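Read off the chains here:
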Amino acid sequence: MQLGTADMLPDPAKHRLVIEKPFGKDLTSAQALNQVVRKVCDEKQVYRIDHYLGKETVQNLMVFRFANAIFEPLWNRQYVDHLQITVAETVGLEGRAGYYETAGALRDMVQNHLMQLFCLSAMEPPNSLDADSIRNEKVKVLQATHIADIDHIENSAIRGQYTAGWRDGRMVPGYRDEDGASPGSTTPTYASLKLYIDNWRWKGVPIYMRTGKRMPKKVTEIAIQFKEVPFLMFQSASRQANPNVLALRIQPDEGISMRFEVKTPGTSLRTRSVDMDFRYDTAFGQANTDAYARLLVDCMLGDQTLFTRGDEVEASWRILTPLLNVWDAPAPPEVIPLYEAGSWGPIEAELLLNRDNRRWRRL
Ligand code: BG6
């Protein structure tokens, strides 16, 4: 508001406003913030930063999907069994308790970074590359998305908090023992969700997402698991059908791999899974521009494509608000499932997929 009072944004062609997350803490506060922003400037002047959109591999998602003819025909409910989006981090609180205690994994990672990865994986092809065409498609897919079982949220969303554990050969403290964290804190450092998209392309295809701090490994990946073959006539080395998986490795070890079955050499007709792998470093060398630098240059050039529009942020908060209402309710510390630092999250998160006869990828 003060920017308006001080008349700092008078010229839409010259003056731009860059906003770092968190943009609100739920749907109502994001709407209120958007109203304030609109009072002092035009949406065309607003650059809401999500640094994931500045990552090369995230920008490549659209190119991969829409510059190749062979993937898009399979990218739908007829062929895809489910999607898994993983953003695992090895870091803990890193001295940010003041912020993190009020945010937790849903606000810190899911509402922005994971939702952006989700949008780019699930949206329809935009009409053109201009900022609004792309952002219109993201808003559309977000508007069609909801937590799988909203009446039994515990079946569709799992939270967790890390306890002490080992990391690089040294003991690291549990979340509640980190500087500035409350000893009875119920702030989630891990979240996994199951979502559905109600549209023609995706109806009935579950989208599983997970993110956590103090995981065994830093890895961000989008995996598209295809359906099993209708009838398995070969003997598989693992004695089960091994569906094809397309894995888009966002970071580190940037690349794309496709898993498929081949015959193992020998007289018997047995199959095994192998990977066809594309690696950024072998193809292009290490050419990683800093995501923030890239975004700030785009802002100076007046290109809003890689920035989040007001209605997009609201649409993303709308999906998560029912869950936030449950997770934010005052509760005793025991309410939150715990996981040891250096593990892949609470056991409850495994069950989220096991109940559907699926499992998280071992990364
Ligand atoms: C930030 C979060 O937005 O993203 C941090 O606030 C998180 O908690 C970070 O660690 C992860 O970013 P990156 O680029 O390291 O995956």
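Keep in mind that this is a model prediction, so the values were computed, not measured.

Colleague: I'd like a rundown of the overall build of the protein, residues and numbers included.
Modeller: Each helix and strand in the protein was counted, giving nine helices and 15 strands. Over its C-alpha atoms the protein spans a radius of gyration of 21 Å, differing by no more than 12% from the 21 Å that the globule rule assigns to 363 residues. In terms of overall dimensions, the protein has C-alpha extents of about 80 × 50 × 45 Å along its principal axes. Expressed as a percentage of contacts within the protein between residues at least 6 apart in sequence, the contacts between residues at least 24 apart total 74%. Carbon and sulfur atoms form 56% of the exposed surface of the protein, whose accessible area is close to 17,400 Å². Each charge class in the protein can be summarised by its mean position, and for the 44 positive and 46 negative side chains these summaries are 4 Å apart.

Colleague: Can you lay out helix α9 (residues 347-354) for me, pointing to particular residues and giving the numbers?
Modeller: Among the residues of α9, those classed as buried are Ala 349, Glu 350, Leu 352 and Leu 353. Projected down its long axis, α9 shows its buried positions confined to an angular sector of 150 degrees, all on one face. Residues of α9 that are buried sit in contact with β3 (80-88), β5 (157-163), β8 (190-197) and β9 (207-212).

Colleague: Give me the site of the ligand: which residues, what numbers.
Modeller: The environment of the ligand is formed by Lys 21, His 51, Tyr 52, Lys 55, Glu 89, Arg 96, Asp 108, Met 109, His 113, Lys 213, Lys 218 and Gln 251. Here an oxygen atom of the ligand and a side-chain polar atom of Lys 21 are 2.4 Å apart. Within the side chain of Arg 96, a nitrogen or oxygen atom sits 2.4 Å from an oxygen atom of the ligand. In isolation the ligand exposes 400 Å². Once the protein is present, 79% of that is buried. With respect to the detected pockets, the ligand is housed in the second largest pocket. Across the shell around the ligand, the residue classes tally to two nonpolar, three polar and seven charged.

Colleague: Kindly report on the nonpolar core, identifying the contributing residues and their values.
Modeller: Side chains that are nonpolar tend, in soluble globular proteins, to be buried together. Within the largest apolar cluster, 88 residues are counted, with the highest numbers of intra-cluster contacts made by Leu 106, Phe 118, Leu 193, Met 209 and Ile 224. No other element matches helix α4 (residues 97-122), which puts 13 residues into this core. Aside from chain neighbours lying at most four places away, what touches Ile 224 is Trp 75, Val 80, His 82, Leu 83, Asn 244, Val 245, Leu 246 and Leu 248.

Colleague: Give me the environment of Lys 194: which residues, what numbers.
Modeller: Mapped onto the fold, Lys 194 is located in strand β8. Each C-alpha atom, one on Lys 194 and one on Thr 102, is 23 Å from the other, the two residues being 92 residues apart in sequence. Each residue touching Lys 194, except ones within four places of it in the same chain, is listed here: Ile 147, Ala 148, Ser 156, Pro 206, Ile 207, Tyr 208 and Asp 356. In terms of polar contacts, Lys 194 uses its side chain to reach the side chain of Asp 356, at 2.9 Å.

Colleague: Could you give an account of empty space enclosed by the protein, naming the residues involved and the relevant values?
Modeller: To find the voids left in a structure, one rolls a probe of water-molecule size over its atoms. Overall, the coordinates contain three cavities of 30 Å³ or more when judged by the stated rule. The computed volume of the largest cavity comes to approximately 160 Å³. Lining the largest cavity are 17 residues, with Asp 50, Gln 111, Asn 112, Thr 308 and Val 313 sitting closest to its centre. Residue assignment for the lining of the largest cavity shows that the elements contributing at least two residues are α4 and α8 (310-328). When residues in the lining of the largest cavity are grouped by element, the largest group, five residues, is from α4. Looking at the lining of the largest cavity residue by residue, the class counts come to seven nonpolar, five polar and five charged. The wall of the second largest cavity is formed by Thr 57, Asn 60, Leu 61, Phe 64, Leu 248, Arg 249, Ile 250, Gly 255, Ile 256 and Tyr 280. Sorting the residues of the lining of the second largest cavity by element identifies α3 (56-66), β12 (245-251) and β13 (255-263) as the ones contributing at least two each. Among the elements that make up the lining of the second largest cavity, the one with the highest residue count is α3 (four residues). Within the lining of the second largest cavity, the residues separate by chemical class into six nonpolar, three polar and one charged.

Colleague: Pulling in residues and values, what's your account of the packing of α4 against α8?
Modeller: Running from N to C, α4 and α8 cross one another at 145 degrees; their axes reach a closest spacing of 10 Å. Regarding α4 and α8, the two cross each other, and that crossing is right-handed. Across the interface between the two elements, Leu 106, Arg 107, Val 110, Gln 111, Met 115 and Gln 116 from α4 touch Glu 312, Val 313, Ser 316, Trp 317, Ile 319, Leu 320, Leu 323, Leu 324, Trp 327 and Asp 328 from α8. Taken together, the residues of the contact of α4 with α8 sort by class into ten nonpolar, three polar and three charged.

Colleague: Describe the pairing of β5, with residues and values.
Modeller: With six of seven residues buried, β5 lies mostly within the body of the structure. Of the strand pairs in this sheet, β5 and β8 are connected by four bridges, and their pairing is antiparallel. Paired with Ala 157 across the strands is Leu 193, a residue of β8. Relative to strand β15 (residues 338-340), β5 is paired through three bridges, and the arrangement is parallel. Opposite Gln 161, over in β15, you have Leu 338 as the bridge partner.

Colleague: Outline the packing of aromatic side chains, listing residues and values.
Modeller: In this structure the tally under the stated criterion is twelve aromatic pairs. Ring centres 6.5 Å apart and planes at 80 degrees place the aromatic pair Tyr 99 and Tyr 100 in the edge-to-face group. Accessibility expressed as a relative area gives 1% for Tyr 100, which makes it buried. Plain terms: the ring middles of Phe 278 and Tyr 280 are 5.0 Å apart, the flat faces sit at 55 degrees to each other, and that makes the pair tilted. Judged by relative accessible area, which is 28%, Phe 278 ranks as partly exposed. An aromatic cluster of at least three residues, connected via ring pairs, comprises Tyr 99, Tyr 100, Tyr 162, Tyr 175, Tyr 190 and Tyr 339. Between the NZ or CZ atom of Lys 55 and the centre of the ring of Tyr 52, over which it lies, the distance is 4.6 Å. A cation over a ring is seen here: Arg 214 above Tyr 162, with NZ or CZ 5.9 Å from the ring centre.

Reading the values: the criteria
- Note on numbering: residues in each chain are counted from 1, in written sequence order.
- Only residues with pLDDT of 70 or above have their local features reported here, since the model is predicted, and side-chain atom pairs are shown and tallied only from 80 upward, although totals for entire chains, interfaces and linings are computed over all residues.
- The basis for every side-chain value is the complete set of heavy atoms in the structure, and neither hydrogens nor water enter the calculation.
- Strands are runs of DSSP state E lasting at least two residues, helices are runs of H or I lasting at least four, and both sets are numbered from the N terminus onward.
- Radius of gyration here is computed from C-alpha atoms only, and the compact-globule reference equals 2.2 Å multiplied by the residue count raised to the power 0.38.
- What makes two residues a contact is simply this: any of their non-hydrogen atoms within 4.5 Å.
- Computed with a 1.4 Å probe, the accessible areas rest on the Shrake-Rupley method; for each residue, only the protein chains presented here act as cover.
- As used throughout, the charge tally considers Lys and Arg to be positive and Asp and Glu to be negative, leaving His and the chain termini uncounted.
- In this description, the location of a charge corresponds to atom NZ of lysine, CZ of arginine, CG of aspartate or CD of glutamate.
- Exposure categories follow from relative accessible area, calculated using a 1.4 Å probe and restricted to protein chains: below 20% of the type maximum is buried, above 50% is exposed, and the middle band is partly exposed.
- Picture the helix axis, draw a direction to every C-beta atom, and the arc is the one those directions span.
- The rule for a residue being near a molecule or strand is that one of its heavy atoms must lie within 4 Å of it.
- As used in this structure description, the phrase polar contact means that two N or O atoms lie within 3.5 Å; if the pair is within protein, one of them must be able to donate a hydrogen and the other to accept it, and residues adjacent in sequence are counted only when both atoms belong to side chains.
- The method works on a 1 Å grid over the protein atoms by themselves. A cavity is a set of points holding a 1.4 Å probe that cannot get out, a pocket is an open set with protein on both sides within 12 Å along at least five of seven lines, and residues with an atom within 4 Å of a point line them.
- A molecule is counted as occupying a cavity or pocket when more than half of its atoms fall within 2 Å of that pocket's grid points.
- Polar here means any residue other than Ala, Val, Leu, Ile, Met, Phe, Trp, Tyr, Cys and Pro, which are nonpolar, and Asp, Glu, Lys and Arg, which are charged; Gly is therefore polar.
- For this analysis, a nonpolar core means a set of buried residues of the types Ala, Val, Leu, Ile, Met, Phe, Trp, Tyr and Cys, connected via side-chain atoms within 4.5 Å.
- Grid points are joined across faces, edges and corners, and a volume is the space filled by probe spheres set on the points.
- Throughout, an axis means a line fitted to C-alpha atoms (over the contacting stretch in the case of helices), and angles, computed between N-to-C directions, take values from 0 to 180 degrees.
- Two helices cross in a left-handed way if the nearer one is turned anticlockwise from the farther one by less than a right angle. They cross in a right-handed way if the turn is clockwise.
- DSSP bridges decide pairing: two strands pair if at least two such bridges lie between them.
- Two rings from Phe, Tyr or Trp (for Trp, the six-membered ring) form a pair when their centres are within 6.5 Å of each other. A pair whose planes differ by under 30 degrees is stacked, one over 60 is edge-to-face, and the rest are tilted.
- Charge over a ring is defined by NZ of Lys or CZ of Arg lying within 6 Å of the ring centre and within 35 degrees of the ring normal.

In short, the description is geometric, and any link to function would need to be established separately.
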